[in-house]
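Secondary and tertiary structure notes
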Amino acid sequence: VSRRTRLVLLAVVVLSACMPAIAEAAPAVRLTAAFAPGARLGAGAALRIGLRIDPRQAPSAVTSIHLKYPASLGIATSGLGVASCRRAALEARGPAGCPSGSIMGYGTARVEARPYGIFENARITLFAGAHRDGRLGLLVYADGEQPASVQLIDPAELLPAAAPYGGDLSVTLLPIPGLEDITIALLRLSISLGARDIVYYDDSGPKRTAYHPEGVVLPDRCPRGGFRFRALLDFEDGAHATATATLACPARPSYGHVY
Amino acid sequence: MTGHRTMRGWGATLAMAATLGLAMFLWLGAADARAATAHAARTINAVERAQLHLVSKSGSALLEKGTASGSLPGNVTAQFTVTLVRVTGLVTIYPRGGSITIRVVGSARSAGINATFGGTMSVAGGTGRYAHARGRGTFSGTVNRRSWAATVTARGRVSY
């Protein structure tokens, strides 16, 4: 066996050893999606979306998120966001400054203040904002309490998306004014769209009534291959990452038999 | 021979006259038919007001039913697809003598619990006396985003 052949074989062996390691490397971003327990086809349900960013794989801070959701899910038919929240009112009074009908979801986030290595958990509220040029404006309100009391408002919107997606939930993570030298790096984000604890008030009748919006409307039939989601993240250093998740179909409604 | 030729000539003349007469008859008949068709065709400036209620929802699709009053009164079925702030769909009205199916494209104009919307529409087809219907127009309305009950006013020019 010639020296050249031995070198080629050695290269093949080394590459073969490396391949599994590359394939099994943890992704920079993990996306999860789930319907709330009890969800069924043809009815509304809360939709839980989770993002987890591995700081070892993606050391830079996230600057924007695009979450594409399946066309078969009814966001516009959900009845969520029957009022609009104005950014000025949210800045001035916090969530109390917005009508309850503008709440679209609740969630949590975990961030790291770099380079100080300080971690903070925040409660998230997603509000419906103004309609503009065929886009539905949103506001993401983050309320962090420990170790520092920090309230942030990030702009977001629901954009059209090419098939097979029905829309694109786009969030821009803005730097904090006056703290530009600190990087607030998002590590985890979880949001429940159409959460069951959302309460709206209907003033259209003679009597004001409280109700729970039904949540994201599922189709009568499950799309082939399940509900597919895709997240695209942009990072401060110019890097990008994508992650996908497929949500299995919930069980069909079962009706009891009368004998 | 001359007589034969004469007879043949008369025969040819008669045949030509008969052919012309038949052609004239057919042409006039066709013209009468055209005139009758033109007379039967109707163009109206329709104003319809429909009250719709939700029958079922599936994802982004809403199936609604109700009644229309106005120029073409009758029952109504409608299937809408609502994506973000855009609405598309097919609305079928069942007036006496047939049905008219209308394609609608619109958008939400406000997003309150009683949202307003509007857009354009065109006749997509029909049955019975409306089988050859055509026309276009505009519509506007309000929808309750809790019950999805809707009130729609449509204005357009329809020929059938």
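Just so it is clear, the structure is predicted and the values come from calculations on it, not from any experiment. (Residues numbered from 1 in each chain as written. Chains lettered and ligands numbered in written order. Predicted model: local features only at pLDDT ≥ 70, side-chain atom pairs only at ≥ 80, totals over all residues. Heavy atoms only, no water.)

**A few points about the overall build of chain A**
- What chain A contains, in helices and strands, is two helices and 15 strands.
- Taking as baseline every contact in chain A between residues at least 6 positions apart, the subset at least 24 positions apart corresponds to 61%.
- Total accessible area on chain A stands at roughly 14300 Å², and carbon and sulfur atoms take up 56% of it. (Helix = DSSP H or I, 4+ residues; strand = E, 2+ residues; numbered from the N terminus. Contact = heavy atoms within 4.5 Å. Areas by Shrake-Rupley, 256 points an atom, 1.4 Å probe, with all protein chains shown as cover.)

**Comments concerning the overall build of chain B**
- Per the secondary structure count, chain B includes one helix and eight strands.
- Going from the N terminus to the C terminus, chain B shows its helices and strands as α-β-β-β-β-β-β-β-β.
- With 160 residues in all, chain B has 38% of them scored as buried.
- Taking as baseline every contact in chain B between residues at least 6 positions apart, the subset at least 24 positions apart corresponds to 38%.
- Accessible surface for chain B amounts to roughly 9300 Å². Of this, 62% is attributable to carbon and sulfur atoms. (Buried < 20%, exposed > 50% of the residue type's maximum accessible area, 1.4 Å probe, protein only.)

**Considering the confidence of the model for chain A**
All names here are of chain A.
- On average, residues of chain A score 86 in pLDDT, and 86% of them reach the 70 mark or higher.
- Throughout residues 12-25 the model reports pLDDT below 50, and contacts reaching past four residues in sequence, or to other chains, amount to zero contacts.
- Every residue in residues 255-259 scores below 50 in pLDDT, and together they form zero contacts with partners more than four places removed in sequence or on other chains. (pLDDT = per-residue confidence, 0-100.)

**Some points on the interface of chain B and chain A**
- Between chain B and chain A, the residue contacts involve 18 residues of the former and 28 residues of the latter.
- Summed over both sides, the interface between chain B and chain A buries roughly 1800 Å², with carbon and sulfur atoms accounting for 55% of that surface.
- On the chain B side of the contact with chain A, B:K57, B:L84 and B:R146 bury the most area, a combined 35% of that side's loss.
- Between the two partners, chain B and chain A, sit two salt bridges.
- Among the salt bridges present, the one from B:R146 reaches A:D202, with a minimum N-O distance of 3.4 Å. (Buried area = accessible area lost by both parts, 1.4 Å probe. Salt bridge = Lys/Arg side-chain N within 4 Å of Asp/Glu carboxyl O.)

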